[in-house]
Amino acid sequence: MKKTASGISPLIALDRECSRALHAQIYDGYRSAIVAGNLRGGQRVPSTRVLASELGVSRFPVLTAYSQLLAEGYFESRVGSGTTISNCLPERFPCNTLPIREVSSPSQAPAVNGASSRQPFTSLGWLRNSGAFDISEIAYDQFPLQTWSKLIAYHSRSMQLQHLKYGEAMGLPALREEIATYLGAARSVRCEADQIMIVSGSQQAVDISSRALLNLGSTVWIEEPGYRLACDIFLRAGCRLAPVPVDNEGLDVSKGIERCPEARMAFVTPSHQFPLGVTMSIKRRLQLLDWAQAANAWIIEDDYDSEYRYDASPIASLQGLDRNGRVIYIGTFSKVLYPALRIGYIVIPRNLVDKFAAVRRVMDFGPPIFFQLVIAQFIHEGHFARHLRRMRTLYHKRRVTLVKCLREEFGPLVTLFGSDAGMHLAAAIAGEFCDVNIAEQAAGENLDLRPLSSYYLEKAMYNGFIFGFGNTSERQIPRAVKKLRDLLEAQ
Ligand SMILES: Cc1ncc(COP(=O)(O)O)c(C=O)c1O
């Protein structure tokens, strides 16, 4: 199969107010990602055209930065293989190998007053809906099925005897290498491939993490409102939940400390909070990391849709800020490839790898190797980077259309939450109605609306809906929003 440039763009935050020229900022961004070890020797860089369009600048500053990086030896260029990060860097900084302090695993957690023990999310009427705005769907019709099928055919024909054996409990090494390279560049995650475990989606990642790190009765901070499936996993594991409110800076760490300082874990979605969509501020991130270190607790960072940011202000992972091995980073291919794959990954602090692998061995010994081979090649040959870029443009347009339609139909009655990112949008709507009832009625109108109030464990602060736009086209959105307005008006 033909090789194409993979070229994942590093996180570069351009500051247009800054006196430093744009080309110098691009140069700085690359240089610091290289010296921090987030970009690796031999890794392809995106073309100047692609990077310029992602950063929202002309090609000129990108060309200037690239030629400086080439001249100084950070990049190398070879005929036929494009431009790559140099294998012989002009300087070596030890940043990516900063010692991660070893921390012991937790002991039995104390019981907590006021922690919620609400029953699991049962199959409520509106959960069985299907139709416009389903938050779990992606743009299936845009998936590069032809390329994917070719890779599947190739691997079917070239199966090797070694692929018939039990694989490694941590997953296929080639895929773990690709993921480590991708995460370093795109998310500033600090890890090596041997810290990555391939799992059956984030769902299993949370399950394995809770089995490895929590005990019966341990308390977990849960974002309020938050991801109910994670709550169910912790409840099934016999843990207690401590809902911690989310405001426009993300999880309110001080309230968590006030409420339950001795929790053993915090489950957070800092890049794009689920469901409100806010991004956790740097102040809160540092506060959360400090709390975890002081309380001997763990943080699960669920980075489920961080690939989709549209406002040119890239947000690095929380894991990348952690110097104490407190963060368990979880990613998934459900949003960026397709959910039926059931493949995700955990980045595990080095000293906990054996503990996680031991849990994995007694569960299912790892997902089938076949699709791991296919994904590894899909990433390696650049199809993944290209697909992400296309989807980013598509989802952004859908989001813009949705925001416009909600404002047109509901005017000042609607409050939109969150940053310009992701594949869903949460909106509160003022008025005398019950969002759960409306969601149930909407099912009959081919609308799959998730009632915002049902994502709270305690008293809901907002009445509204979560609109998934992954599989709802720009053409469908205006009609679907209008249907919702008609339903609300009929109340
Ligand atoms: C908060 C959150 N995390 C993770 C996921 C993905 O889960 P999985 O990888 O198990 O498909 C979703 C899917 O909708 C989600 O909403």
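A brief report on the enclosed structure follows.

So, how was this worked out
- Residues numbered from 1 in each chain as written.
- Predicted model: local features only at pLDDT ≥ 70, side-chain atom pairs only at ≥ 80, totals over all residues.
- Heavy atoms only, no water.
- Disulfide = S-S within 2.5 Å.
- Buried < 20%, exposed > 50% of the residue type's maximum accessible area, 1.4 Å probe, protein only.
- Salt bridge = Lys/Arg side-chain N within 4 Å of Asp/Glu carboxyl O.
- Helix = DSSP H or I, 4+ residues; strand = E, 2+ residues; numbered from the N terminus.
- Pairing = 2+ DSSP bridges.
- Near = heavy atom within 4 Å.
- Polar contact = N/O pair within 3.5 Å; in protein donor to acceptor, adjacent residues only side chain to side chain.
- Areas by Shrake-Rupley, 256 points an atom, 1.4 Å probe, with all protein chains shown as cover.
- Nonpolar A, V, L, I, M, F, W, Y, C, P; charged D, E, K, R; others polar.
- Right-handed = clockwise from strand over helix to strand, strands pointing away.
- Core = buried A, V, L, I, M, F, W, Y, C linked by side-chain atoms within 4.5 Å.
- Contact = heavy atoms within 4.5 Å.
- Phe/Tyr/Trp six-rings, centres within 6.5 Å; stacked < 30°, edge-to-face > 60°.
- Lys NZ or Arg CZ within 6 Å of the ring centre and 35° of its normal.
- Patch = residues over 30% accessible without salt bridge, like charges linked within 9 Å, V, L, I, M, F, W, Y side chains within 5 Å.
- Axes fitted to C-alpha atoms, helices over the stretch in contact; angles between N-to-C directions.

## Things to note about the state of the cysteines
Now for step 1: Applying the stated rule across the entire model yields 0 disulfides.
Now for step 2: This cysteine, cysteine 239, is not joined by any disulfide, and cysteine 231 carries the nearest cysteine sulfur, 11 Å off.
Now for step 3: For cysteine 239, a relative accessible area of 5% puts it in the buried group.

## Brief notes about the pattern of salt bridges
Now for step 1: Taken as a whole and judged by the stated rule, the model has 24 salt bridges.
Now for step 2: Residue glutamate 192 pairs with arginine 40 through a salt bridge whose shortest N-O separation is 4.0 Å. On the criterion of sequence distance, the pair formed by glutamate 192 in the loop between α5 (173-187) and β3 (196-199) and arginine 40 in the loop between α1 (22-35) and α2 (48-55) is long-range, its members being 152 residues apart.
Now for step 3: Accessibility expressed as a relative area gives 19% for arginine 40, which makes it buried.
Now for step 4: Here glutamate 76 and arginine 78 are joined by a salt bridge, their closest N and O atoms 3.6 Å apart.
Now for step 5: Salt bridges linked by common partners bring Glu409, Lys482, Arg485, Asp486 and Glu489 together as one network.

## Overview of the pairing of strand β14 (residues 464-468)
Now for step 1: Buried residues dominate β14, accounting for 5 of its 5 residues.
Now for step 2: Note: strand β12 (residues 424-429) against β14, 5 bridges, orientation antiparallel. Within the sheet, the bridge partner assigned to alanine 428 lies in β14 and is glycine 464.
Now for step 3: Of the pairings in the sheet, the one linking strand β13 (residues 450-451) to β14 comprises 2 bridges and is antiparallel in character. Considered in β14, the bridge of proline 451 is made with phenylalanine 465.

## Section: the site of the ligand
Now for step 1: Every residue lining the ligand is accounted for by Gly201, Ser202, Gln203, Tyr227, Phe274, Asp302, Tyr304, Thr332, Ser334, Lys335 and Arg342.
Now for step 2: Here serine 334 contributes a side-chain N or O atom positioned 2.6 Å from an oxygen atom of the ligand.
Now for step 3: Measuring from an oxygen atom of the ligand, one finds a side-chain N or O atom of arginine 342 at 2.8 Å.
Now for step 4: Burial of the ligand by the protein chains amounts to 91% of its free accessible area of 400 Å².
Now for step 5: No other element matches the 3 residues that helix α6 (residues 201-213) contributes to the shell around the ligand.
Now for step 6: Of the residues that constitute the shell around the ligand, the class distribution is 3 nonpolar, 5 polar and 3 charged.

## Things to note about the pairing of strand β7 (residues 265-268)
Now for step 1: Here β7 shows no split at all, with Met265 and Phe267 on one side and Ala266 and Val268 on the other all buried.
Now for step 2: Inspection of the sheet shows β7 paired to strand β8 (residues 298-302) by 4 bridges, in the parallel sense. Paired with valine 268 across the two strands is glutamate 301, which belongs to β8.
Now for step 3: Read as a crossover between parallel neighbours, the route from β7 over helix α9 (residues 282-295) to β8 is right-handed.

## Digging into the nonpolar core
Now for step 1: One finds Tyr30, Phe333, Leu337, Phe384 and Leu484 to be the most contacted residues of the largest nonpolar core, which totals 90 residues.
Now for step 2: Here this core takes 10 residues from helix α12 (residues 383-410), the largest share from any one element.
Now for step 3: Contact partners of phenylalanine 333, with chain neighbours within four places excluded, come to Ile179, Tyr338, Leu341, Ile343, Gly344, Tyr345, Ile375, Ile379 and Phe384.
Now for step 4: Met197, Leu213, Ile328 and Ala357 belong to the second-largest nonpolar core, a separate cluster that totals 32 residues.

## A short note on the packing of aromatic side chains
Now for step 1: Scanning the model with the defined rule gives 26 aromatic pairs in all.
Now for step 2: Through pairs of rings, three or more aromatic residues link up here, namely Phe143, Trp148, Tyr338, Phe370, Phe371 and Phe378.
Now for step 3: Over the ring of tryptophan 298 we find arginine 326, and its NZ or CZ is 4.8 Å from the ring centre.

## A short note on a nonpolar patch on the surface
Now for step 1: Taken together, the side chains of Met159, Leu161 and Leu164 present a nonpolar region at the surface, about 350 Å² in accessible area.
Now for step 2: Note that methionine 159 resides in the loop between α4 (145-157) and α5.

## Describing the sheet that holds strand β11 (residues 414-416)
Now for step 1: Read from one edge to the other, the open sheet built from 4 strands follows the order β11-β12-β14-β13, with strand pairing classed as antiparallel. In this open sheet, the two edge strands, each paired with only one partner strand, are β11 and β13.
Now for step 2: Of the pairings in the sheet, the one linking β11 to β12 comprises 3 bridges and is antiparallel in character. Paired with valine 414 across the bridge in β12 is isoleucine 429.
Now for step 3: The strands touched by helix α13 (residues 435-443) are β13 and β14; relative to β14, the strand with the most contacts, the crossing angle is about 45°.

## What to know about the environment of aspartate 194
Now for step 1: Assignment of secondary structure puts aspartate 194 in the loop between α5 and β3.
Now for step 2: Its relative accessible area of 40% is what places aspartate 194 among the partly exposed residues.
Now for step 3: Note: C-alpha distance between aspartate 194 and aspartate 448 (254 residues apart in sequence) is 40 Å.
Now for step 4: A polar atom in the side chain of aspartate 194 sits 3.0 Å from the side chain of arginine 350.

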